[in-house]
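Chain and residue survey
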Amino acid sequence: MTQSLPLLDKTVLVPRGKDQAKPFSQLVERYGGIPIEIPLIAFRPIEENQLLHDALMALDTYDWIIFTSNVTVETFFSFLDEDKLGSSLPKIAVIGKKTAEVLEEMGFSPEFVPSSYVAETFVEEVSPFIDKNARVLLPKGNLAREYIAQSLTELGAQVDEVVIYETYLPDESRDKLARMLANQQLDILTFTSPSTVDHLMAVVKEYGLNEQVRNCIIGCIGPVTEKKLRAYGFTVHASPKEYTVKEMINSTIAYLETEE
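The structure reproduced in this document is the subject of the present report. This is a predicted model, so every value here is computed, not measured.

Inspection of the entire model under this criterion finds 7 salt bridges. In this structure, D160 and R135 form a salt bridge, with 3.0 Å as the shortest nitrogen-oxygen distance. You can see D160 sitting in strand β7 (residues 158–168) and its partner R135 sitting in strand β6 (residues 135–141), a full 25 residues away along the chain. By relative accessible area, D160 is classed as partly exposed at 27%. Its salt-bridge partner being R174, residue E206 comes within 3.0 Å of it at the nearest N-O pair.

Here it is in structure tokens:
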């Protein structure tokens, strides 16, 4: 029985918000684990400013829009009025299967999706499609990397980066995380972005929980998240080549099986 339930009775941190946590938690439960939903990251749209206003008014002057996550898609479209939604948009490039799905739910199809969902692969594969001097709009969060904008600019594109949302750690998550770490009630910590790592470590440092967190098994999605974890001195036990929650869980299970 335990072979079919490799996460039996293990508590697994699910670092996503309520809207995104359900499929993650169901996957943990399928393998016998106990999902602990503590959103380590939340998003809120910025107040509309002149830079954002100007970009929205000039949408028809851009050749490409690049969406790096489903959050950027949802937030960007929340700023568009019906007139803009009804008009044609520039060509759209996205990073990630989920991003493409959310875009299609909005009634638009991406012109380009990379084979791997990281910025470096995206830039390498999209470059042949973006002409020199092409105008590119890149909506982003306040903590997003600048790699895509810098790389495309070096290739001759004119890239306008516009911050459309900010990232934060909810207060209720801070309290719950501190309590559960202090009581050593989390067996497996999973991270889905560098920001989730930073937010957890802010709580660890605030409450002096370094020893408690070092006893946990660590899984993550993507090389940038893994690099962030290693910069904090973590041993990363599970970091799959395919950057999905499902593969992160599978990779974590594979690690546990080697420890038996």
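Moving on from the model shown.
One can find R230 in helix α11 (residues 223–231). In terms of polar contacts, R230 uses its side chain to reach the side chain of E226, at 2.8 Å.

Along the chain, the position of F79 falls in the loop between α3 (70–78) and α4 (82–86). For F79, a relative accessible area of 17% puts it in the buried group. Filtering out sequence-adjacent residues up to four positions away, F79 remains in contact with P45, I46, E48, L52, L56 and I164.

Turning our eyes to something else, we now look at the packing of helix α6 (residues 119–126) against helix α7 (residues 147–154). At a closest axis distance of 10 Å, the pairing of α6 and α7 adopts a crossing angle of 25°. Comparing their axes, α7 and α6 come out roughly parallel. Seen along the crossing, α6 lies across α7 with a hand that is right-handed. Residues A119, E120, F122, V123 and V126 of α6 form the contact with α7, whose own contacting residues are Y147, I148, S151 and L152. Tallied by class, residues from the contact of α6 with α7 come to 7 nonpolar, 1 polar and 1 charged.

Here we take up the sheet that holds β7. Taken together, 5 strands build an open sheet; the order of strands is β3-β7-β6-β4-β5 and the sheet is mixed. Only two strands of the sheet have a single partner each, and these edge strands are β3 (42–45) and β5 (91–94). Pairwise comparison of adjacent strand axes, ignoring direction, gives a mean angle of 30° for this sheet. By the bridge criterion, 4 bridges tie strand β4 (residues 64–67) to β5 in an arrangement that is parallel. In the strand pairing of β5, I66 is matched with A93. In the packing of helix α2 (residues 50–57) onto the sheet, the strands contacted are β6 and β7, and the crossing angle to β7 comes to about 125°. α3 contacts β3, β4, β6 and β7 of the sheet and is inclined by roughly 100° relative to β7.

Think of an α-helix as 3.6 residues a turn; residues three or four steps apart then line up on the same face. The element α3 is extensively covered by neighbouring structure, given that 7 of its 9 residues are classed as buried. Those residues of α3 that fall on the buried side of the exposure criterion are N70, V71, T72, V73, T75, F76 and F77.

Rules behind the numbers
Residues numbered from 1 in each chain as written. Predicted model: local features only at pLDDT ≥ 70, side-chain atom pairs only at ≥ 80, totals over all residues. Heavy atoms only, no water. Salt bridge = Lys/Arg side-chain N within 4 Å of Asp/Glu carboxyl O. Helix = DSSP H or I, 4+ residues; strand = E, 2+ residues; numbered from the N terminus. Buried < 20%, exposed > 50% of the residue type's maximum accessible area, 1.4 Å probe, protein only. Polar contact = N/O pair within 3.5 Å; in protein donor to acceptor, adjacent residues only side chain to side chain. Contact = heavy atoms within 4.5 Å. Axes fitted to C-alpha atoms, helices over the stretch in contact; angles between N-to-C directions. Parallel < 35°, antiparallel > 145°, perpendicular 65-115°, else oblique. Left-handed = near helix turned anticlockwise from the far one by under 90°. Nonpolar A, V, L, I, M, F, W, Y, C, P; charged D, E, K, R; others polar. Pairing = 2+ DSSP bridges.

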